[in-house]
Amino acid sequence: MKRPEPVQVIKQRRDATLQKLVAGVPYIQFLGIQIDRRGDELTAILPFDEKLIGNPMLPALHGGVTAAFLEVTAIMELSWAMIWEDMEAGRVSDDAPRIHLPKTIDFTVDYLRSGLPRDAYARARVNRSGRRYASVHVEAWQDNRTRLFAQATGHFLMPGRDG
């Protein structure tokens, strides 16, 4: 009978896989987005940077940065859900091919208030994910989880899962 892997080894493998996924998207590094993993739950973090300001008179985060942050969060959540299934089933190895990301079909952003010049956080919830199509809802906040500054709904074309 095979011994179960130590928890620390499992955590290290999950974290390394997530970092490989994030590193595969240069725009994530440009914006400075970080992904925090707790179990299978992801929280995207957009650390404040002056380059993210769209209106220096307010100052407020640029609407395009906010939309990109929400879309990246949705795509990472979908991708992580696919990888998670494969990891838990033992189908992910260090030499696994690069994952193909879901493609955006449409993405609707609701700007609820100005994004302030401070760190922002976002979480995505997959409403539906099938073989070819997925629907995701994303919420973003800054200081208070219950006081959203933006939310979005997106539909995505899922990559093929062959091999």
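Located above this text is the structure these notes cover.
Analysis parameters
- Residues numbered from 1 in each chain as written.
- Predicted model: local features only at pLDDT ≥ 70, side-chain atom pairs only at ≥ 80, totals over all residues.
- Heavy atoms only, no water.
- Helix = DSSP H or I, 4+ residues; strand = E, 2+ residues; numbered from the N terminus.
- Buried < 20%, exposed > 50% of the residue type's maximum accessible area, 1.4 Å probe, protein only.
- Areas by Shrake-Rupley, 256 points an atom, 1.4 Å probe, with all protein chains shown as cover.
- Axes fitted to C-alpha atoms, helices over the stretch in contact; angles between N-to-C directions.
- Left-handed = near helix turned anticlockwise from the far one by under 90°.
- Contact = heavy atoms within 4.5 Å.
- Nonpolar A, V, L, I, M, F, W, Y, C, P; charged D, E, K, R; others polar.
- Core = buried A, V, L, I, M, F, W, Y, C linked by side-chain atoms within 4.5 Å.
- Expected span 1.5 Å × (residues − 1).
- Arc of directions from axis to C-beta.
- Pairing = 2+ DSSP bridges.

A. Seen up close, the overall build of the protein chain. In terms of regular secondary structure, the protein chain is built from 3 helices and 8 strands. Walking the protein chain from its N terminus toward its C terminus, one meets helices and strands in the order α-α-β-β-β-β-α-β-β-β-β. Taken over the C-alpha atoms alone, the protein chain extends approximately 65 × 35 × 30 Å along its principal axes. Burial analysis of the protein chain (163 residues in total) assigns 40% to the buried set. Split by element, the accessible area of the protein chain, about 9,700 Å² in all, is 52% carbon and sulfur.

B. Expanded view of the packing of helix 1 (residues 7–23) against helix 3 (residues 63–88). As a packed pair, helix 1 and helix 3 sit with axes 11 Å apart at the nearest point and diverge in direction by 140°. Crossing of helix 1 over helix 3 shows right-handed handedness. On helix 3, the residues touching Arg14, Thr17, Leu18, Leu21 and Val22 of helix 1 are Met76, Ser79, Trp80, Ile83, Trp84, Met87 and Glu88. Of the residues in the contact of helix 1 with helix 3, the class split is 8 nonpolar, 2 polar and 2 charged.

C. Structural view of the nonpolar core. Ile33, Ile35, Leu46, Phe69, Leu70, Met76 and Trp80 are the most contacted members of the largest nonpolar core, which totals 43 residues. Counting residues per element, the ones that place at least two in this core are helix 1, helix 2 (26–31), strand 2 (41–46), helix 3, strand 5 (103–111), strand 6 (120–129), strand 7 (133–141) and strand 8 (148–157). Looking at this core element by element, the count peaks at 15 residues for helix 3. Ignoring sequence-local partners within four residues, the contact set of Phe69 consists of Ile33, Ala44, Ile45, Leu46, Ala120, Tyr121, Ala122 and Ala140.

D. Spotlight on helix 1. In this model helix 1 runs 24 Å from its N-terminal to its C-terminal C-alpha over 17 residues, within 8% of the 24 Å that 1.5 Å per residue would give. For helix 1, the full list of buried residues reads Arg14, Thr17, Leu18, Leu21 and Val22. With its buried residues spanning 135° around the axis, helix 1 presents them on a single face. Where helix 1 is buried, its residues meet helix 2, strand 1 (34–38), strand 2 and helix 3.

E. How the structure looks around unusual backbone geometry. Looking along the chain, the bond that leaves Leu58 and enters Pro59 is cis, with omega of -20°. In this structure, Pro59 sits in the loop between strand 3 (53–55) and strand 4 (60–61).

F. Structural context of the pairing of strand 6. Judged from the 3 bridges that link them, strand 2 and strand 6 form a sheet pairing that is antiparallel. In the strand pairing of strand 6, Ile45 is matched with Tyr121. Direction of pairing for strand 6 relative to strand 7: antiparallel, over a ladder of 8 bridges. Each residue of the ladder has a partner; that of Val126, found in strand 7, is Val136. What sits between strand 6 and strand 7 in their antiparallel hairpin is a turn of 3 residues.

G. Spatial organisation of the sheet that holds strand 5. An order of 1-2-6-7-8-5 is seen for the 6 strands of this open sheet, with the pairing classed as antiparallel. On the outer flanks of this sheet lie strand 1 and strand 5, each paired with one strand and no other. Strand-to-strand twist of the sheet, defined as the mean angle between neighbouring strand axes without regard to direction, takes the value 25°. Of the strands in this sheet, strand 1 and strand 2 are in contact with helix 1, which crosses strand 1 at around 155°. Contacts from helix 3 reach strand 1, strand 2, strand 5, strand 6, strand 7 and strand 8, with the element oriented near 50° to strand 6.

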